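These are the residues of each chain, in order.
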Amino acid sequence: MARIQPKILKGFRDYLPEVMVPRTRLLRRIAEVFERFGFEPLDTPSVEYAEILLGKAGPEAEKLFYRFNDQGGRDVALRYELTVSLARVIGQYKTDLVKPFKRYQMGPVWRAESPAKGRFREFWQCDVDIVGTDSLLADAECIAIDHAVMRALNVPNYLIRFNNRKVFRGLQARIGISDSETMNSIMRSVDKFDKVGENGVRKELEAIIGNGGFGEKGLETILEFLKLAEGTSDNSACIDALEQFLSGTEMGQRGCAELREVLGSAQALGVPDDVLQIDPTIVRGLDYYTGTVFETFLKDAPQFGSVMSGGRYDGLIGIFSSEEVPAVGISVGIDRLIAALEELKLLPDARASAAVLVSVFGTETVDYSLKIAGDLRRAGINAELYLDPKAKLAKQLKYASRKGIPLVVIAGPEEEKDGSCSLRLMSNGEQMQVKIENLAQAVQDNYVDPDPNAATGRSWDWEFAEDMFDRVPAVGGVYLLRNAQHEVLKCGWASYGKLSETIRESVSGEQRAEVATFDWYEIRDDNLSQMLAQFINEKLQPKFG
RNA sequence: CGGCCAAUAGCUCAGUUGGUUAGAGCGCCUGAUUGUGAUUCAGGAGGUCGCGGGUUCAAAUCCCGUUUGGCCGCCCA
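In this numbering scheme, every chain counts its residues from 1 along its sequence in written order. Whichever chain is written first becomes A and whichever ligand is written first becomes 1, with later ones labelled in order. Reporting of local features is limited, given that this is a predicted model, to residues whose pLDDT is at least 70; pairs of side-chain atoms are given and counted only at 80 or more, and all residues count toward the totals for whole chains, interfaces and linings. As a convention, hydrogens and water are excluded, and side-chain values are obtained from all of the structure's heavy atoms.

> Looking at this structure, I do not really get the state of the cysteines. What am I missing?
When the sulfur atoms of two cysteines share a covalent bond, that bond is a disulfide. Disulfides are defined as cysteine sulfur pairs within 2.5 Å. Scanning all chains against the criterion turns up zero disulfides. Summary of cysteine pairing: Cys 126 is not part of a disulfide, and the nearest cysteine sulfur, belonging to Cys 142, is at 13 Å.

Below is the structure:
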């Protein structure tokens, strides 16, 4: 009988464990941020009635659906994106949902288009939306979420460029275009500004002129408008310039007022000014955005395009409801983001779930190894047991090495005799003898989580450098500053969430040169933190008091 | 959908006027006096040369068809 060839469909992918481990960590971290902002998860079926999913998709988009008849002859399709299902949920459970409805949803979507580099037929979307409020605070929250996600993933040098569609509508009024179809194609062209540059946009616009709607003068006005923000990093000056340019158009004035309000709220939420940039060339290619729009770029990897983007779309969610439902949301381009982080070497290189492999020396000592593995697991440590007691030790070590498990417990008859075991560090081959009652502690002390974002609750010997502070999780507790000789210079404490900034602000300019490293310990009780810091200061009498 | 290119071991590929039993590197498995991995040495497994047809004494090699993959364009973001 002929063997069936193992193969997968074009445009579909396997996620092997080595890519799945960092991927799920990343997704989990993003979900944590969403939940920190009070969003709940939602999931919906991947197959729905075609009439629902097709929604208001035009005949062009319809071709891109995986659509078929099920065994009962129903006309169904695989979901094309997540927003339509959200709209259906809003319409279907209207009275049950608390408004504004805040949900996040991560899952695969399917598009029957031709696969290309970075474009697949099955890929993940990761959406977070606020439905049912037109408050601009929601828009500002979205920008704050964007910023928080980038922070949580440890991304350096990102820029959130944002704009407001109403500003563009003001421009439309200014030029005197009334046809919204023309305006949509103009926006699609402008959206390519980054990719094709000013001249590319000019060419595209010239092509549109042929179809009527606006003339040479309008084209120059558009290009002039697009360059308003060029060279300035001062956002409020930028808004002023836009406002002046669009004076006399009601929509333009409203757009600028919204921009100003969202910017102010985002700043008040703690988004620093230098990651935010007003940019009139950001319009998003999709037709349905109505207000705030934004995109996020990595300055160190701009070729990947926007890794996270979103905006307000007040007309879309209401298609299954009787009234209009305002909404604002973000979509994380998870595949792009992973590709970009990989390029920048920012992906945790964790390949194994296990922190430690418990090897099995031989059939006589199996139960001893089983006990050790059980103890480690009860202590909350991810421990893998080698499953073949007859395998040579060399083979077991090789197994750990190939899987990227950093620690191996070796427990033969010699160790069993005195209730100990050997703990081997695969990174350098070092081995230590440990009593089994101390093993869990020893594993914890020697396990370096490959994910730099993992909040371990305590950490030692962090280099006292500017970029490290951002990696201290938002917790409270006690910290120690040390000099190059590892002597304690200062001990302090921070209340919940303030650890990072407290450490940063704890030394004066001249003291700073002396500080080499710092340690921190998470403590959830401020009183306890304070007492502990006081106690340490009394005991050690550190130089900086 | 249109154009160009490719398809030989798990992976990357060599194999040239058609000629014995199709090769290399990497990877994988086993071993090098029995308690130590990613280095070294020895050995081993693994291929109907994408599939179908044709030309020929003889095809991985030449011809036709077909399928799959890649790049460009169209489309989509």
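> How do you make sense of helix α12 (residues 334-343) when you look at a structure like this?
For the α-helix, the turn length of 3.6 residues means that residues three or four positions removed from each other point alike. The cut-offs for exposure are 20% and 50% of the maximum accessible area for each residue type, with area from a 1.4 Å probe on protein chains only; residues under the lower value are buried, those over the upper are exposed, and the others partly exposed. What counts as a helix is a DSSP run of H or I of at least four residues, what counts as a strand is a run of E of at least two, and both are numbered from the N terminus. The complete set of buried residues in α12 reads Ile 334, Asp 335, Leu 337, Ile 338, Ala 340 and Leu 341. Between two residues, a contact is recorded if the distance between any of their heavy atoms is within 4.5 Å. Structurally, α12 contributes buried residues whose contacts are with α1 (17-36), β6 (122-131), β9 (292-298) and β11 (327-332). Of the residues flanking the end of α12, it is Lys 345, one or two places downstream, whose phi is positive at about 60°.

> Please clarify how the pairing of strand β14 (residues 407-410) should be interpreted in this entry.
Regular strands show a simple pattern: their side chains alternate between the two faces of the sheet. Where burial is concerned, the two faces of β14 agree: the one with Leu 407 and Val 409 and the one with Val 408 and Ile 410 are both buried. A pair of strands is labelled paired if DSSP reports no fewer than 2 bridges between them. By the bridge criterion, four bridges tie β14 to strand β15 (residues 420-425) in an arrangement that is antiparallel. Across the sheet, residue Ile 410 finds its bridge partner in β15, namely Ser 422.

> Can you walk me through the protein's contact with RNA strand B in this structure?
Lys 10, Glu 415, Arg 424, Met 426 and Gln 431 are the nearest of the 22 residues found near RNA strand B. Sugar and phosphate atoms constitute 39% of the interface atoms of RNA strand B, taking the interface as everything within 4 Å of the protein. For the purposes of these results, a polar contact is taken to be a pair of N or O atoms within 3.5 Å, where, inside protein, one atom must be able to donate a hydrogen and its partner to accept one; residues adjacent in sequence count only when each atom of the pair is a side-chain atom. Lys 392 places a side-chain nitrogen or oxygen 3.5 Å from a phosphate oxygen of RNA strand B. Going through the elements one at a time, α14 (393-403) and α15 (413-417) are the ones with two or more residues in the surface near RNA strand B. The dominant element in the surface near RNA strand B, judged by the number of residues it contributes, is α14, at seven residues. Among the residues forming the surface near RNA strand B, the class breakdown is seven nonpolar, three polar and twelve charged. Definition of nearness: a residue and a molecule or strand are near each other if at least one heavy atom of the residue lies within 4 Å of the molecule or strand. Think of it as three bins: nonpolar holds Ala, Val, Leu, Ile, Met, Phe, Trp, Tyr, Cys and Pro, charged holds Asp, Glu, Lys and Arg, and polar takes everything else, Gly as well.

> Explain the packing of aromatic side chains here, please?
What describes a pair of aromatic rings is the distance from one ring centre to the other and the angle between the planes of the rings. Ring pairs are drawn from Phe, Tyr and Trp, using the six-membered ring of Trp, whenever the two centres fall within 6.5 Å, and their geometry is named by plane angle: stacked under 30 degrees, edge-to-face over 60, tilted for the rest. What the rule picks out here adds up to ten aromatic pairs. Measuring from ring centre to ring centre gives 4.7 Å for Phe 65 and Tyr 80, while their planes differ by 20°; the resulting arrangement is stacked. Taken together, the residues span a long stretch of sequence, with Phe 65 in the loop between α3 (59-62) and β3 (67-69) and Tyr 80 in the loop between β4 (75-78) and α4 (83-92) at a distance of 15 residues. Assessed through its relative accessible area of 7%, Phe 65 is described here as buried. Take Tyr 80: its relative accessible area is 16%, and that puts it in the buried class. A centroid spacing of 5.8 Å and a plane angle of 50° characterise the contact between Phe 225 and Phe 245, whose relative ring orientation is tilted. Here Phe 225, found in helix α9 (residues 216-226), pairs with Phe 245, found in helix α10 (residues 235-245); they are 20 residues apart in sequence, far enough to count as distant.

> What is the right way to read the side chain of Asn 163 from this model?
Topologically, Asn 163 is positioned in strand β7 (residues 158-164). Looking at Asn 163, its side chain comes within polar contact range of the main-chain oxygen of Pro 280, at 3.4 Å. If we skip the residues at most four places from it in the chain, Asn 163 touches Leu 259, Asp 279, Pro 280, Ile 282, Val 283, Gly 291, Thr 292 and Val 293.

> Just checking my understanding: could you explain the sheet that holds β6 for this structure?
Spatially, eight strands are ordered β1-β5-β6-β11-β10-β9-β7-β8 in an open sheet, and the strand pairing comes out mixed. Each end of this open sheet is capped by a strand with a single partner; those strands are β1 (40-41) and β8 (276-278). Bridge count between β1 and strand β5 (residues 101-110): two bridges; the pairing is parallel. Across the sheet, Glu 40 pairs through a bridge with Arg 103, a residue of β5.

> Quick question: what am I supposed to make of α4 here?
Among the ten residues in α4, nine count as buried, and that is most of the element. Of the positions making up α4, those classed as buried are Thr 83, Val 84, Ser 85, Leu 86, Ala 87, Arg 88, Val 89, Ile 90 and Gly 91. Where α4 is buried, its residues touch β2 (47-49), α2 (50-54), β5 and β6.

> In this structure, what is going on with the packing of helix α6 (residues 165-175) against helix α11 (residues 250-268)? I would like to understand it.
Packed helices, taken two at a time, are described by their axes: the angle between them and the distance between them. Where α6 contacts α11, the two axes come as close as 7 Å, and the packing angle between them is 160°. Classed by the angle they form, the pair α6 and α11 counts as roughly antiparallel. In this structure, α6 crosses over α11, and the sense of that crossing is left-handed. Contacts from Lys 166, Val 167, Arg 169 and Gly 170 in α6 reach Met 251, Gly 252, Arg 254, Gly 255, Cys 256, Glu 258 and Leu 259 in α11. Considering only residue class, the contact of α6 with α11 consists of four nonpolar, three polar and four charged. The convention used is that axes are lines fitted to C-alpha atoms, helices contributing only their stretch in contact, and that angles between N-to-C directions extend from 0 to 180 degrees. An angle below 35 degrees is treated as roughly parallel, one above 145 as roughly antiparallel, one from 65 to 115 as roughly perpendicular, and anything else as oblique. Throughout, a crossing is termed right-handed when the near helix is turned clockwise from the far one, and left-handed when it is turned anticlockwise from it by less than a right angle.

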